[in-house]
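Structural overview
Residue strings, one per chain:
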Protein chains: 2
Amino acid sequence: MNRGETELVKYFAAKGKLNAAKFPIGIGDDMAQIKLSKKSSVLITTDMLLDGVHFDGKKASPEQIGYKSMATSLSDCAAMATVPLAAVVSVALPRNYGSAKLKRLHKGLLNAAKKYNCPLIGGDMTSWGRPLAVSVAMLSVPAKTKPVKRSTAKTGDVICITGTLGGSIVKRHLEFEPRLKESLAIARAGANAMIDISDGLSTDLNHICRLSKKGAVIEADKIPVSRNAKGLESALNDGEDFELLFMMPKKKFERLKKQWRFKVKLTAIGRVTKGGTVKIKKSGGKAVELLPKGYDHLKENSKF
Amino acid sequence: MNRGETELVKYFAAKGKLNAAKFPIGIGDDMAQIKLSKKSSVLITTDMLLDGVHFDGKKASPEQIGYKSMATSLSDCAAMATVPLAAVVSVALPRNYGSAKLKRLHKGLLNAAKKYNCPLIGGDMTSWGRPLAVSVAMLSVPAKTKPVKRSTAKTGDVICITGTLGGSIVKRHLEFEPRLKESLAIARAGANAMIDISDGLSTDLNHICRLSKKGAVIEADKIPVSRNAKGLESALNDGEDFELLFMMPKKKFERLKKQWRFKVKLTAIGRVTKGGTVKIKKSGGKAVELLPKGYDHLKENSKF
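Rules behind the numbers
Residues numbered from 1 in each chain as written. Chains lettered and ligands numbered in written order. Predicted model: local features only at pLDDT ≥ 70, side-chain atom pairs only at ≥ 80, totals over all residues. Helix = DSSP H or I, 4+ residues; strand = E, 2+ residues; numbered from the N terminus. Expected span 1.5 Å × (residues − 1). Buried ≥ 20, exposed ≤ 12 C-beta atoms within 10 Å, placed from the backbone. Contact = placed C-beta atoms within 7 Å. Nonpolar A, V, L, I, M, F, W, Y, C, P; charged D, E, K, R; others polar. Domains from an automatic or database assignment. Least-squares fit on C-alpha atoms with pLDDT ≥ 70 in both. Axes fitted to C-alpha atoms, helices over the stretch in contact; angles between N-to-C directions. Left-handed = near helix turned anticlockwise from the far one by under 90°. Pairing = 2+ DSSP bridges.

A word on helix 2 (residues 62-79) of chain A
Residue and element names in this part refer to chain A. Spanning 18 residues, helix 2 covers 26 Å between terminal C-alpha atoms, matching the ideal 26 Å at 1.5 Å per step. Most of helix 2 sits out of view: 17 of its 18 residues are buried. Directly beyond the C-terminal end of helix 2, a positive phi value near 60° is found at A81.

The structure is reproduced here in structure tokens:
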């Protein structure tokens, strides 16, 4: 999120103050949490994917669009280290989309639903003379650990990421695997804060630091750049990596690395600092401020 | 829903078979139900409202659009006789929508959230160079009675509606009051089946009868026509009345009418029959088939 968007979210949260006992996690995190009883709670997230912004309807198959719509919300479940429960979908269909294409879109939704054990239990559809829009709302339940928030990074924590970053646009953004199992292991190991990288590392790191009232220093050399990325800038700012960015005490991270049995790699890229600034240190150089240059939801900066 | 849409929903339900123990109410009702434990469950619905279909962005105020987006899902909670719990919203914003307008849209959402005690707990927003789309997902919990389904009307039940029908487009579709309190009283009185009239009486009555594997005979003279309706056809087919259509044994309905303390009126318009056909009897005439001539989600039959 950029500054304008952050201010708006703050405004929305202030205008619609929530009862913290009933909603322990409210507006501004990857998911909101609703207490149902002393022992039971559910979490909810929603994401709207738009033709020309999140996918190119001329290039992406209906199955890919369906899959990505579910996977984006599944990635939110992963960002909180929670277990997906069920999803509903609402779609705005272009004129003459046709039932064959709609069935393929549905197949893509189901592919993700089945793969990640998150049934699609309802929906809503309407036609209009405009491009395709798909909105998924997804429920999850806490794992054995508490949901991991964005606002609770601690000074001194190592900053870690799963996988590699950048160049997702080439293909990965349509086929990525939400890091659900990995996130549960990360939470069990003792992560203090977590977010999924949807808007780009520069933007999402700034965001989690701002919410935690912390700063950060990361090292450019340590950032695992994807082979599809066009260099470091691309790894920092491209967005839609849907990898996990998390913070935890160094000792716990060392233990996590030893126990790690997943294919995706884990990398420590820096440390959480006291100050409010996010910095990047290039090899041999000084640390300079890392500005949020990732995706801005309120500018119309379509990726296609 | 028209026949094509019904076939599609059947197809979706068949392809994505749900575990009935975990999801007692699945695809095809006003909301889906998720069992969380022996005693606890939540229900969920989602609705996408589109500029040029569900509202005219040039005439409706942002507050009205926000209110209607929430009220449409609240009406689903009423249709199941459940109690709203919380909502999330995702929005696709036209280029240069601007934060002033966005705050007004948010105000409209909050107006409904506060009025019906259903906090807005999260959201997602993206800009695109297209008209406004607003998708709300809403959770509810069962009241003391079980959620009232669409598929459980019984032969001999009286067919009843709240309020008056038709001409909602004049104004009411932007300002209607979801019948939440009324629906709880109707459920307590012993309704066998219920739906909210969103697509028009002709379409929604056909729909509930098809799901219940029943027929119906209604009397044209008894249909309470709104003063904004353009005659009977308008009351039968206009849609977006958001009144409740329900079926219950005659004796229970008589008792309900005696106890009724709400402003909105209750009218019995006919009876549930064994056959599979929905018929309407005009005064002095024969009963003729009542075809679903209401809103068709898969035709682009915008109302504006």
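With respect to the interface of chain A and chain B
In this assembly, 59 residues from chain A lie in contact with 58 residues from chain B. Those elements that place two or more of their residues in the side of chain A that touches chain B are helix 1 (3-15), strand 1 (32-35), strand 2 (41-50), strand 3 (82-94), helix 3 (99-115), strand 4 (120-128) and strand 5 (133-142) of chain A. The element that contributes the greatest number of residues to the side of chain A that touches chain B is strand 4 of chain A, accounting for 9 residues. Among the residues forming the side of chain A that touches chain B, the class breakdown is 33 nonpolar, 18 polar and 8 charged.

Things to note about the domain arrangement of chain A
All names here are of chain A. Domain annotation of chain A identifies domain 1 (31-142) and domain 2 (158-289). Each of domain 1 and domain 2 has a C-alpha centre, and these two points are 25 Å apart. Contacts between domain 1 and domain 2 engage 13 residues on the former and 15 residues on the latter.

Description of the relation of the copies chain A and chain B
Mapping chain A onto chain B is achieved by rotating through 180° and translating by 0.0 Å along the same axis, at an RMSD of 0.0 Å. Viewed as a symmetry operation, the transformation between the two copies matches a two-fold axis. Of the residues that chain A buries at the interface, 98% are likewise interface residues in chain B, meaning the two copies contact each other through the same surface.

Considerations on the packing of helix 2 of chain A against helix 3 of chain A
The geometry of a pair of packed helices is captured by two quantities: the angle between their axes and the separation between those axes. Residues and elements named next belong to chain A. Between helix 2 and helix 3, the shortest axis-to-axis distance is 6 Å and the interhelical angle comes to 35°. In this structure, helix 2 crosses over helix 3, and the sense of that crossing is right-handed. Residues P62, E63, Q64, I65, G66, Y67, S69, M70, A71 and L74 of helix 2 pack against K101, R104, L105, H106, K107, G108, L109, N111, A112 and A113 of helix 3. Here the contact of helix 2 with helix 3 is composed, by residue class, of 10 nonpolar, 6 polar and 4 charged.

Side note on the sheet that holds strand 7 (residues 193-196) of chain A
All names here are of chain A. Ordered in space as 7-9-6-10-8-11-12, the 7 strands form an open sheet in which the pairing is mixed. The open sheet terminates on both sides in strands that have one partner only, identified here as strand 7 and strand 12 (287-289). For this sheet, the mean inter-axis angle between neighbouring strands, taken without regard to orientation, is 25°. Helix 2 rests against strand 7 and strand 9 (244-248) of the sheet, and its axis sits at about 170° to strand 7. Its contacts with the sheet put helix 8 (residues 250-259) on strand 6 (158-162), strand 9 and strand 10 (266-273), and the angle it makes with strand 6 is roughly 25°.

Side note on the sheet that holds strand 10 (residues 266-273) of chain B
Adjacent strands of a sheet form backbone hydrogen bonds with each other and so pair up, either parallel or antiparallel. Residue and element names in this part refer to chain B. As summarised here, the arrangement of the 7 strands in space is 7-9-6-10-8-11-12, forming an open sheet in which the pairing is mixed. Every interior strand has two partners, whereas the edge strands, strand 7 (193-196) and strand 12 (287-289), have only one. Across the sheet, the mean angle from the axis of one strand to that of its neighbour is 25°, orientation sign disregarded. Where helix 6 (residues 201-212) meets the sheet, it contacts strand 7, strand 8 (215-219), strand 9 (244-248) and strand 11 (278-281), and its direction lies at approximately 145° from that of strand 7.

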